[in-house]
Amino acid sequence: MIVVENLNYSVANAQILTDVSVTLPKGGITALIGPNGAGKSSLFSHIARLLPMQSGRITVDGMDVAPANRQELSRKLAILPQQVHFATRLTVKELVQFGRYPHCQGRLRAEDHEMVAASLTAFGLTALADRFLDTLSGGQRHKAHVAMTYAQDTDYLLLDEPLNNLDIAASRALMALLRRLADEEGKTIVIVLHDINFAAQYADHLVVLKDGRIEREGAPVDMVTGALLADVFGTNAQVAVVGDTPFVMP
Ligand SMILES: Nc1ncnc2c1ncn2[C@@H]1O[C@H](COP(=O)(O)OP(=O)(O)OP(=O)(O)O)[C@@H](O)[C@H]1O
Ligand SMILES: [Mg+2]
């Protein structure tokens, strides 16, 4: 599990995260939701040590993130940031191979090639493997980055808005793949989603952020309510519940 304790983060005079304490359970899919600017990506950046910690403590399965060995951390946890800057002269396959770096430091072994091939297959990218990234569509390029993260083959996968640019079929396929990874391979998926309906349908646990604080957390059926949409997002949307799954009416 990932334990965040008393995390504060400020830039200049702006307080971005305020005393964030949250436990992200091991296994399953946890979705982080909240309005634009709530602090979701900032929290992710701290968990993956893309930002230095100003105060507080974060552990992943008991491993203290701040002093952790970089290779050890990147074999445990992979992150797909919200914004990725891509190198145009890389092929899809070369990009996905980067995911194996923490395991082989660039000298790919048979097992690394196998994992790269498996990632390309899982994301339907095999036919595009030798294409340069700058020749792809936005959604194809995005999938290639998700495939790179997947190829890292870590216990924890942090994905910041992975459904960006994906069509409905690709979105459903990705969520189904993540569900399978959680259920069959025991992976822990933590995902930032703006589409509350995808979060409600696929996640086991929702953590809601607002104004740099944890607002509430719980099972989707308890979280996704008209009151949440009004209090947290400031919008008056209706919610229907079908079986155990809430649906926000657009
Ligand atoms: N380096 C920075 N300097 C100033 N403000 C920053 C910096 N980084 C983040 N912020 C601010 O912190 C707040 C939280 O940003 P963050 O990217 O974590 O939000 P988010 O919840 O991921 O939003 P979104 O859903 O739009 O991606 C925002 O108001 C943002 O403008
Ligand atoms: Mg963000």
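Owing to the predicted nature of the structure, the values given are computational and were not obtained by experimental measurement. (Residues numbered from 1 in each chain as written. Chains lettered and ligands numbered in written order. Predicted model: local features only at pLDDT ≥ 70, side-chain atom pairs only at ≥ 80, totals over all residues. Heavy atoms only, no water.)

Visitor: Which parts of the structure should I look at to understand the site of ligand 1?
Guide: Around ligand 1 there are 13 residues in total, and Gly37, Lys40, Ser41, Ser42 and His194 lie nearest to it. A distance of 2.6 Å separates an oxygen atom of ligand 1 from a polar atom in the side chain of Ser42. Here an oxygen atom of ligand 1 sits 2.9 Å away from a polar atom, N or O, in the side chain of His194. When isolated, ligand 1 has an accessible area of 640 Å², and the protein chains bury 59% of it. Considering every element that reaches the shell around ligand 1, the biggest residue donor is helix 1 (residues 40-47), with three residues. Here the shell around ligand 1 is composed, by residue class, of four nonpolar, seven polar and two charged. (Near = heavy atom within 4 Å. Polar contact = N/O pair within 3.5 Å; in protein donor to acceptor, adjacent residues only side chain to side chain. Areas by Shrake-Rupley, 256 points an atom, 1.4 Å probe, with all protein chains shown as cover. Helix = DSSP H or I, 4+ residues; strand = E, 2+ residues; numbered from the N terminus. Nonpolar A, V, L, I, M, F, W, Y, C, P; charged D, E, K, R; others polar.)

Visitor: Sorry, what's going on with the side chain of Ser42 here?
Guide: Within the secondary structure layout, Ser42 lies in helix 1. Looking at Ser42, the relative accessible area reads 17%, which means it is buried. Residues in contact with Ser42, not counting those within four places in the same chain, are Tyr9, Ile16, Leu17 and Leu51. (Buried < 20%, exposed > 50% of the residue type's maximum accessible area, 1.4 Å probe, protein only. Contact = heavy atoms within 4.5 Å.)

Visitor: Hey, could you run me through the nonpolar core in this one?
Guide: Side chains of nonpolar character tend, in soluble globular proteins, to be buried together. Ranked by size, the top nonpolar core spans 51 residues in total, and within it Val92, Leu178 and Ile191 carry the most contacts. Examining the composition of this core, we find that seven residues originate from one element, helix 7 (residues 168-185), more than from any other. In this structure, Leu178 is in contact with Ile29, Leu159, Ile189 and Ile191, ignoring residues within four places of it in sequence. Leu24, Phe44, Ala48 and Val60 belong to the second largest nonpolar core, which has 28 residues in total. (Core = buried A, V, L, I, M, F, W, Y, C linked by side-chain atoms within 4.5 Å.)

Visitor: Looking at this model, I keep getting lost on the packing of helix 5 (residues 110-122) against helix 6 (residues 138-151). Mind explaining?
Guide: Between two packed helices, the angle of one axis relative to the other and the distance separating the axes together describe the packing. Where helix 5 contacts helix 6, the two axes come as close as 9 Å, and the packing angle between them is 140°. When the axes of helix 5 and helix 6 are compared, the pair comes out oblique. The two elements helix 5 and helix 6 cross, and the hand of that crossing is right-handed. Counting all contacts with helix 5, which are made through Met115, Ala118, Ser119 and Ala122, the residues of helix 6 involved are Ala147, Tyr150 and Ala151. Residues that form the contact of helix 5 with helix 6 fall into these classes: six nonpolar, one polar and no charged. (Axes fitted to C-alpha atoms, helices over the stretch in contact; angles between N-to-C directions. Parallel < 35°, antiparallel > 145°, perpendicular 65-115°, else oblique. Left-handed = near helix turned anticlockwise from the far one by under 90°.)

Visitor: In this structure, what is going on with the coordination of the magnesium ion (ligand 2)? I would like to understand it.
Guide: When four donors bind a metal tetrahedrally, each ideal donor-metal-donor angle is 109.5 degrees, and when six bind octahedrally, the ideal angles are 90 or 180 degrees. The magnesium ion (ligand 2) binds to the protein through Ser41 (OG) and Gln82 (OE1), with metal-donor distances spanning 2.0 to 2.1 Å. Taken as a pair, Ser41 in helix 1 and Gln82 in the loop between strand 6 (77-80) and helix 3 (92-98) lie far apart in primary sequence, 41 residues in all. Judged by relative accessible area, which is 32%, Gln82 ranks as partly exposed. (Donors = N, O, S within 2.8 Å, 3.2 Å for Na, K, Ca; no water.)

Visitor: I keep staring at the sheet that holds strand 1 (residues 2-11) and nothing clicks. Help me out?
Guide: By way of backbone hydrogen bonds, the strands of a sheet pair with one another, either parallel or antiparallel. With antiparallel pairing, the four strands of this open sheet are ordered in space as 2-1-4-5. A strand with exactly one partner marks an edge of an open sheet, and here the two such strands are strand 2 (14-24) and strand 5 (63-64). As paired strands, strand 1 and strand 2 are joined by seven bridges and run antiparallel to one another. Following the sheet pairing, Val3 is matched in strand 2 by Thr23. Seen against the sheet, helix 1 touches strand 1, strand 2 and strand 4 (55-60) and runs at an angle of roughly 115° to strand 1. (Pairing = 2+ DSSP bridges.)

Visitor: Just checking my understanding: could you explain the pattern of salt bridges for this structure?
Guide: Between side chains of opposite charge, pairing is possible as soon as their charged atoms come close. The final tally for this structure, using the stated rule, is 16 salt bridges. Asp204 is the partner of Arg179 in a salt bridge, and the nearest nitrogen-oxygen pair spans 3.1 Å. Taken together, the positions of Arg179 in helix 7 and Asp204 in the loop between helix 8 (196-202) and strand 9 (205-210) put the pair 25 residues apart, joining distant regions of the chain. The partly exposed category is assigned to Asp204, whose relative accessible area is 38%. Of the charged contacts, one joins Arg180 and Glu185 as a salt bridge, the two residues approaching to 3.7 Å between their closest N and O atoms. Arg180 sits in the partly exposed class, given a relative accessible area of 33%. What emerges from the salt-bridge pattern is a single network uniting Lys26, Asp61, Lys76 and Asp155. (Salt bridge = Lys/Arg side-chain N within 4 Å of Asp/Glu carboxyl O.)

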